[in-house]
Structures are given as structure tokens and as C-alpha cells.
Amino acid sequence: MRAEERYEISMLKKEKMNLLKLIDKKNEEKISLQSEVTKLRKNLAEEYLHYLSERDARKILIADLNELRYQREDMSLAQYPGIWGEDPVKLTVALKMARQDLTRMQMELNTMKANFGDVVPRRDFEMQEKTNKDLQEQLDSLKDDYEEVRKEHEMLLQLHMSTLRERDQFYAELQEIQRTSTPRPDWSKCEDVVAGGQDRWHVLAEGKNSDQLVDVLLEEIGEGLLREKDFFPGLGYGESIPAFLQFDGIVENKKPTKKDVVNILKDAWKERIAEEQKEKFSDFFFNFLERRFGPSDAMAWAYTIFEYIKLFHSNEVMSQFYAVLMGKRKESVYIKQKETIAQLLKEMTHADSQNEGLLTMEQLSTVLRSTFPFKKDEKIQELMEAGGWHPSSSNADLVNYRLLFMEDEEGQSVPFLQKLWEQYLNEKDEYLYELKQELGLELHDKVTLPKLHEALMTIDPSLDKQTLNGYLSQAFQFPVTELPEEGEEKEEGTVIQLQTALEQLQMSDVRRMGPREQEPAT
């Protein structure tokens, strides 16, 4: 072992001895302090006993002094009886009785103070009670106000959060559009390309957005290409080819004007509406062409008209006829819309008592509201604006209502009828969306006939049986006569995919028959 290690061990032993001595010293001090505390506690107990004996002696001394004072008073009364004129013994007895009464009254007074120290007078109590009642009523009113304000606050918070989400969504869409969109085209360049020049292009482009202008431009280009064609190639006899287009070989292009095609289609509609025995629309169309142009030219006109109506999407007469001809829309939609327009014109004519062709803005609004009782105020306002109303108009301003039903030579209606058709399509979309929400199903889910029946009656309780059966017949693609009766076993087994049912109803004339019943307030 080295010297350094021995030195460290000796130092540690010395420190250990010092610590042991220090611990012994502290223990001795602790014992000494404990003995002093014990001694002080003993002195405190002795002092407390001394205090108690002194207190008792003082009480005894006070009692003795009081007794001596009472005796001195009695002796003074006995030495001078003439002063009071009464017997000293009697007075002494009376004094004792008075003292007893005083003690008893003092006890009663103390009892009264103890029992009724916190009691208030009735008048003060009633006043406080009235004040409390008023304050309680104010509190209840404030609670109701607070609850209403709290609910409004929660609604505003939800609206705020919804607005924030919409803002973020719109901002993201804006960023995406700014990143991916191309510059807005200069449509004035089309003026030199379109036949008719600047004036005709301005007429074609008026009130149209970019998407619609693209359609117009394509139609103009397509019309030029159509006029350059002398023949169309036949499409053959395939199953996917419509019956009125089934032909092998080449077919002559008759090259009519748009006005000619529109007039032919209008005549076809008139004949179709007047027809008693309804045949398939595509068969009727070809038979109509045979009756009008002869069997030899019917196929040529069928191809020519088909190419025209397929091209001109912006023309109302052509686009609607094409949709019906290709099975994308039921012909009842067109017929019902024409009946609605005729009824509206009849109502306006009836309101025109002077038969001048003029109505005031107030009369126009009244006729619109009576003819379309389920349209919202903003929808009526849109029709009024399309009819010539503007914010500076007054109720007495006149409008030539007959101009609202005019069409140009190519079948294009005025903005009033266009707005009426646009509202019908939007209202149908809203109606079918409400139906989907009521069913609570996804588009790929199956829906049964009873469930669709129930959902239709829920969103439109005013549906009569005939209209309801018509909707169900369209949705399930059954004739009305073959629909299962309510309660039949076959009814539950009648199912269809929801998307198919909605597509069928979208093709049909579907419209609201009455307001939806409001749920009772809770």
C-alpha cells in the first residue's frame, strides 16, 4: 500500500471520529432541550392552576362585597323608617321580589334576543319579498335573453366556421384556377370569321358566357361544314343505330336553313300533340317525314335534320327535340312546358281587361304568383326582371306581356321564357335532391317501391294518386297498370338502383305539387 493511500485512510478515520463526536454533542443538546421543555410545561401548568384559583377567589370576593352592600342598605333602611313611610321588612321583601323579577325579565330578554334576534318586521319582510319577486322575474327574463343570445352566438360561430371553410375552399380553388387556367380568350377575334361579321357576332354573343360562346362558335363552324357536304354516309343497320337512321349507302344533304329545320320540328310537334294513337317517338318522326316529303326523300331529311339538331345545342327547339328523339328526355316534359306557357299567357290575357296587350308590374307579379304558387319570392323576382322590371320601376309601369312570349325566326325565345325553362330545370334538380336526402341512400344502393313511395309523399304530401303512380312508373320503368298495389307482397320485391330511378325521373316531367309540411317546433 502506498503512502498516499494510507494518508487518505487516516484522514477519513479522523473525519469519522469528528463526526461521531459531533453527533454525540448534538444528542446531548437535544436531551438538554427536552428537559427544559418538560420543565417549562410543568411551570405553565402550575401557573394555570394559580390563575384558576385567583379567578375563583375574585368571584367569591365580588359576591361577598355585593352581599355586604345589600346588608348595609338593609341596615340603613332599618335605622330610618320614617323616610319611606313603610315597614322595613316589607320593603326588604319587595326589594327581593323586584330583584327576582328583574332577574327573570333579564332571562326572558336574553331568551327573546336569542330566539328573535334575526327576525324582521312583517312590513319589511313583505317589501323585501316583493323586491325579491321582481328581481326573480328580471333574472328569469335575463336568463331567457341569455339563452337566446347564447344560441344565436353558437349559430354565428357555426356560420363563421362554415364561412371560413368555404373561404379556404374558394381560396384553394382560386389558387388552382390561377395555376391551371388559361387567359380569357379575346372573342372579338371571331367577328372576322363568323358569317355576317361584327354585327351578327354581337347578336350571337350577347348575354353568353365563355362556355356558351364556345358552343356558338362550334355551331357556326359546324354549320359551314354541313353546308359543304353534299352527302352523308349511311350508318347501316346495327342495333345501336336508331330506326330512322338505319340505311346503307350515301344519303343526300338537303342543306336547309336553320329556320327551315325549326319550322319542320314545330310542325312535327303540332302533329305529335294532335295524334290520338301514340306510337314510339322515333317511329313517329320518320313517318312524319314520309308524310311530308314522301318515302323517297324521308331518309335524306332524317339524316339532314338529325345532323342539324345534334349540332345546334344553343337552339331551344332543336336541342329539346334532339333530347326527346334520343330518349334523353320524355316528350311529356316539352308538352307540359308548352301547356304551362299557354296557361300563363291565358292568365295574363284575362288580367288585361282592356285587351291592350299591356299589364302593370303589379298585375304581372300577381299573375306570376297565382300561376306559380310554390315559387319563392326570389324566383318570382327573377321572372319579373326577365320581363323588364328593374329597381327603378314602379308598380304602375306598363309591360307589353305579349312580347314575353315571342320567338325569333329560328325558334329562340325571349329571356322571359328562357328564365322560366331554366327555373323548371333547377326546381326539378332540387326536388330530386330532396328526394335523395329523404331516402338517405347512396346512388349505388337499391331502393324498394314502398320506400320511394313513402319518400315522395313525405317531401310532397299534396301528390295525388295518379301523379304519384306516374312518378313511380317512370322511376321503376313499369307501365302504371302493372304497378303493384299498396300492401301486395310483390311490392316489397320491386327494387331498382337509386341512381337509375333518379335518372329516369330526371328525364320525366317531375314537379312539386304542394308545399312540404313543416316539422312541429320543439
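Residues numbered from 1 in each chain as written. Predicted model: local features only at pLDDT ≥ 70, side-chain atom pairs only at ≥ 80, totals over all residues. Heavy atoms only, no water.

## With respect to unusual backbone geometry
We count it as follows: Put simply, DSSP marks the helices as runs of H or I at least four residues long and the strands as runs of E at least two long, and each gets a number from the N terminus on.
For K255, which is not glycine, the phi dihedral falls at a positive 50°. If you trace the backbone, K255 turns up in the loop between strand 2 (250–252) and helix 7 (258–274).

## What to know about helix 9 (residues 295–311)
The condition that has to hold: For a helix, the expected span equals 1.5 Å multiplied by the residue count minus one. Partly exposed describes any residue whose relative accessible area lies between the buried limit of under 20% and the exposed limit of over 50%, with all areas from a 1.4 Å probe on protein chains only and scaled to the type maximum.
Between its terminal C-alpha atoms helix 9 stretches 25 Å, which fits the 24 Å expected from 17 residues at 1.5 Å a residue. In terms of burial, helix 9 is largely enclosed, as 13 of its 17 residues are buried.

## Notes on the pattern of salt bridges
The condition is simple: Take a side-chain nitrogen of Lys or Arg and a carboxyl oxygen of Asp or Glu: if they are within 4 Å of each other, that pair is a salt bridge.
Throughout the structure, instances matching the rule amount to 21 salt bridges. Note that K266 is salt-bridged to E407, the shortest N-O span being 2.8 Å. In this pair, K266 sits in helix 7 while E407 sits in the loop between strand 4 (398–400) and helix 14 (415–439), placing the two residues 141 residues apart along the sequence. Given the relative accessible area of 31%, E407 is considered partly exposed. Through salt bridges with shared partners, a single network forms among E147, R150 and E154.

## Remarks on the packing of helix 7 against helix 10 (residues 316–325)
Rules: The convention used is that axes are lines fitted to C-alpha atoms, helices contributing only their stretch in contact, and that angles between N-to-C directions extend from 0 to 180 degrees. Here the angle decides the label: under 35 degrees means roughly parallel, over 145 means roughly antiparallel, 65 to 115 means roughly perpendicular, and every other value means oblique. With the far helix as reference, a near helix turned anticlockwise by less than a right angle produces a left-handed crossing, and one turned clockwise produces a right-handed crossing. Note on definitions: a residue-residue contact is assigned when non-hydrogen atoms from the two residues lie within 4.5 Å. Note on residue categories: nonpolar means Ala, Val, Leu, Ile, Met, Phe, Trp, Tyr, Cys or Pro, charged means Asp, Glu, Lys or Arg, and polar means any other residue, Gly included.
At their nearest, the axes of helix 7 and helix 10 sit 10 Å apart, and the two run at 50° to each other. The orientation of helix 7 relative to helix 10 falls into the category oblique. Considering only the axes of helix 7 and helix 10, their crossing is left-handed. Residue-level inspection shows K258, V261, V262, L265, K266, A268 and W269 of helix 7 in contact with helix 10, the latter providing V317, M318, F321 and V324. Class assignment of the residues belonging to the contact of helix 7 with helix 10 gives a composition of nine nonpolar, no polar and two charged.

## Some points on the UniProt feature "coiled-coil region" (unreviewed entry) in the protein chain
Defined as follows: UniProt positions are given in the numbering used here, feature names are shortened, and annotations may be inferred rather than shown by experiment.
Taking the numbering used here, the UniProt-annotated feature "coiled-coil region" (unreviewed entry) corresponds to residues 9–43 and 95–159. For residues 9–43, the end-to-end C-alpha separation is 51 Å, with 100% helix and 0% strand making up the annotated structure. The straight-line gap between the two end C-alpha atoms of residues 95–159 is 89 Å; of that span, 92% is helix and 0% is strand.

## Quick word on the side chain of K428
Convention followed: His is not counted, nor are the chain ends, whereas Lys and Arg count as positive and Asp and Glu as negative. The definition of a polar contact used here is a pair of N or O atoms within 3.5 Å, where within protein one atom must be able to donate a hydrogen and the other to accept one, and adjacent residues in sequence count solely through side-chain atom pairs.
Relative to the helices and strands, K428 is located in helix 14. It is D509 that comes nearest to the buried, bridge-free K428 among opposite-charge side chains, at 5.9 Å. Within the structure, K428 has its side chain in polar contact with the backbone oxygen of Q506 (distance 2.9 Å).

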